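Notes for the structure review
For reference, the chains in residue letters:
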Amino acid sequence: MNCDEAKILLHALLDNELDAGHAREVEAHLASCPDCAAEFAAQREMQRVLTETNLRYAAPASLRSRIEASLPGPQRQQPTRRSVLRGFAMGSAVSALAASGVVALVLRQDDQQRILSEVVSAHLRSLQAGHLIDVVSTDQHTVKPWFNGKLDVAPPVIDLTAQGFTLVGGRLDYIDARAIGAVVYKRRQHVINLFVSQTTSTEHRPPKTQTMQGFNCRRWGERGLNFWAVSDIGGDELAEFVDKFEAAMKANVEG
């Protein structure tokens, strides 16, 4: 393992996100490379400082007083027992509905973050020597048929070389405990992994960019497929890649 490969994995090692084999490789490199060891020590110290620092802010008592003073005063008419019970029942029902909605939203967000973490981990694994490509080809008519029979639905493979994103091949990967297709592109020397999986939803979900462990990930949904494009290129360039991919895919369908 060289320094470039090790530095990509330092954050993952720090957060205990590497499997045992990759962790041993990185640790062995750190034992023999003072520069990478120093960088890892600096990152670990930063993590310790952030963990131990109290970032909670306590609002001053004067703020509470100003808020209470701005609230409307109590009603002069005394509430009846019936109105109290009716209000309690309505409040309980609203609270139950709100709570169930909040729980569902939190579960969905947690699930999305977990899958995003798996996608980024798969991208990191692919950057290791010999892990990037199972089928090497710049020809979309070679890459796409390679997926047939290996997956329920073969991912769309589009040649974007003329638009500045070179198709270099594809491979099988595993996200959320199931096999999915990964189509590999390059932008100069930067790798772009396009992960594609089947979904029951056919609605269009517009692209959304998130950042994790220094990588940009742009995800979207289209025609029963989920897409995640992951790379260390800038967010603007990754959005450009997705826009050109979507435009070409739409043109292929309409054609």
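Residues numbered from 1 in each chain as written. Predicted model: local features only at pLDDT ≥ 70, side-chain atom pairs only at ≥ 80, totals over all residues. Heavy atoms only, no water.

**Some details on the state of the cysteines**
Each disulfide is one covalent bond, formed between the sulfur atoms of two cysteines. For the structure shown, the criterion picks out 0 disulfides. No disulfide involves C3; its sulfur sits 3.6 Å from the nearest other cysteine sulfur, which is in C33. (Disulfide = S-S within 2.5 Å.)

**Focus on the sheet that holds strand β3 (residues 178-187)**
Strand order across the open sheet formed by 7 strands is β1-β2-β3-β4-β7-β6-β5, with antiparallel pairing between neighbours. Two strands bound the open sheet, and with one partner strand each, they are β1 (135-136) and β5 (205-212). Against the sheet, helix α6 (residues 140-147) engages β1, β2 (166-175) and β3, with an angle of about 15° to β2. (Pairing = 2+ DSSP bridges. Helix = DSSP H or I, 4+ residues; strand = E, 2+ residues; numbered from the N terminus. Contact = heavy atoms within 4.5 Å. Axes fitted to C-alpha atoms, helices over the stretch in contact; angles between N-to-C directions.)

**Quick word on the nonpolar core**
L13, L18, V26, L30, V119 and F195 are the most contacted members of the largest nonpolar core, which totals 27 residues. If you list the elements that add at least two residues to this core, you get α1 (3-14), α2 (20-32), α3 (34-52), α5 (81-126), β3, β6 (215-222) and β7 (225-231). Here the element with the most residues in this core is α5; it accounts for 6 residues. With sequence-adjacent residues up to four places away left out, L13 is seen in contact with L18, A23, V26, E27, L30 and F40. (Core = buried A, V, L, I, M, F, W, Y, C linked by side-chain atoms within 4.5 Å. Buried < 20%, exposed > 50% of the residue type's maximum accessible area, 1.4 Å probe, protein only.)

**Description of the packing of α1 against α3**
Two packed helices can be described by the angle between their axes and the distance between those axes. Where α1 meets α3, the axes come as close as 10 Å, and the angle between the chain directions of the two elements is 20°. Comparing their axes, α3 and α1 come out roughly parallel. Like other packed secondary-structure pairs, α1 and α3 cross with a definite hand, here right-handed. Here α1 contributes C3, K7, L10, H11, L13 and L14 to the contact with α3, which in turn contributes C36, E39, F40, Q43, R44 and Q47. The residue inventory of the contact of α1 with α3, partitioned by class, reads 6 nonpolar, 3 polar and 3 charged. (Parallel < 35°, antiparallel > 145°, perpendicular 65-115°, else oblique. Left-handed = near helix turned anticlockwise from the far one by under 90°. Nonpolar A, V, L, I, M, F, W, Y, C, P; charged D, E, K, R; others polar.)

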